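Structure at a glance
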Amino acid sequence: MKKVLSMLVVFVMVFGLVACGGGSSEEPDRLEQIKEKGYIELAIEPYSAPAGFIDPTKEGDAQYVGADMELAYYIADKIGVELKIVPLEWTAVLVGISEGLYDFAISAISYSPEREESMNLSDGYYFGGAEAGGYGWIMRPEDVDKYKTVEDLKDAIVITQSGTIQEFIMNEYVPEAKEFRLLPMMTDSYIAVAEGMADVCITDKSTANLYVEANGNLVVSEYSFEVDPRLSSIVVAMPLEGTDSLEAVVNECIAELRAEGQIDKWFDEYSDYAKTLGL
């Protein structure tokens, strides 16, 4: 009996050591996984010109173009792997990164404190929204004098894209409205305003100006929300766990490209490109 009890004690001790110290609770390093499989998986919503959009004259991965795509290819080259593109609806991009389904997302993703709680966010790589007036709204030309200030929106149906920094701004900076609505895509929100289903759409004014130049049926507000400057930055999103080394590479790439002014050049180039496609 003593021998049996002794063996049981030893077994419990050994099992305890294996359970507590023999295994590791740490998440595997994402960068090493990417190198092992030979590709990095990018989640995008390709409907935000000039960041990322579709060229219908092309096929396969070549149809996905924009400044964000250039950055994604640059990061893949830096790591030494291929880029695998996964086009998704906007909410699926955010959920996919939060749940670790994809390696990273470069899709005109604005920084927000709430987003940072569920994702690993890079340094800002583009601040065009701030330089072009930040965030305001888009409206029909006949309503320019009707909606001049945020207080005027109390009588408006206010709309924007769900799951975006614009939704955060709408909730935090618009104190009152006749009605608040959300749609899955920003272009759908613009169309809703143009067709009279909503009165104003909270938006990044640089993107809105591009839309107005291409379509001419809406007007961008002179009013701009006063927000934290970092809220005007666009970032790369990665899963929260196991991506510290990947984030370091991404930030290194961003620093190199910003030092050269290359990212701003890409946004300018793809703004002109999008115009040729009527986007």
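Summarised in this report is the structure supplied together with it. Everything quoted here is computed from the prediction, not taken from an experiment.

Rules used throughout
- Residues numbered from 1 in each chain as written.
- Predicted model: local features only at pLDDT ≥ 70, side-chain atom pairs only at ≥ 80, totals over all residues.
- Heavy atoms only, no water.
- Phe/Tyr/Trp six-rings, centres within 6.5 Å; stacked < 30°, edge-to-face > 60°.
- Helix = DSSP H or I, 4+ residues; strand = E, 2+ residues; numbered from the N terminus.
- Buried < 20%, exposed > 50% of the residue type's maximum accessible area, 1.4 Å probe, protein only.
- Core = buried A, V, L, I, M, F, W, Y, C linked by side-chain atoms within 4.5 Å.
- Contact = heavy atoms within 4.5 Å.
- 1 Å grid on protein atoms, 1.4 Å probe; cavity = no way out; pocket = protein on both sides within 12 Å on 5 of 7 lines; lining within 4 Å.
- Points joined across faces, edges and corners; volume = space filled by probe spheres on them.
- Nonpolar A, V, L, I, M, F, W, Y, C, P; charged D, E, K, R; others polar.

What follows concerns the packing of aromatic side chains. Aromatic rings in a pair are described by how distant their centres are and how their planes are angled relative to each other. According to the stated counting rule, one finds nine aromatic pairs in the structure shown. On the basis of an interplanar angle of 90 degrees and a centroid distance of 5.7 Å, the ring pair of Phe53 and Tyr273 is categorised as edge-to-face. Of this pair, Phe53 sits in strand E2 (residues 53–54) while Tyr273 sits in helix H11 (residues 262–276), and the two are 220 residues apart along the sequence. You can call Phe53 buried: its relative accessible area is 2%. The class for Tyr273 is partly exposed, based on a relative accessible area of 23%. With 5.4 Å between their ring centres and 90 degrees between their planes, Tyr223 and Phe225 make a pair best called edge-to-face. A relative accessible area of 26% means that Tyr223 is categorised as partly exposed. Through successive ring pairs, a cluster of aromatic residues spans Trp137, Tyr173, Tyr223 and Phe225.

Next up on the list: the nonpolar core. Core analysis: the largest hydrophobic core is formed by 39 residues, its most contacted members being Ile40, Ile79, Leu83, Phe104, Ile106, Tyr125 and Val236. Ranked by residue count, the leading element in this core is helix H3 (residues 67–79), at seven residues. The contact partners of Ile79, leaving out residues within four places of it in the chain, are Leu31, Ile34, Lys35, Ile40, Leu246 and Val249. Counting residues in each nonpolar core, the second largest holds 34 residues, with Ala43, Leu94, Tyr111 and Tyr135 among its members.

This brings us to the layout of surface pockets. Quantified by volume, the largest pocket comes out at close to 870 Å³. For the largest pocket, the lining is made up of 45 residues, of which Ser48, Ala49, Pro50, Thr207 and Leu210 are closest to its centre. Elements represented by at least two residues in the lining of the largest pocket include exactly E2, strand E5 (104–110), helix H6 (128–131), helix H7 (165–173), helix H8 (186–194), strand E10 (200–204), helix H9 (205–215) and H11. For the lining of the largest pocket, the element with the highest residue contribution is H9, accounting for eight residues. Classifying every residue of the lining of the largest pocket by side-chain character gives 21 nonpolar, 17 polar and seven charged. The calculated volume of the second largest pocket comes to roughly 180 Å³.

Read these as spatial facts, not as claims about activity.
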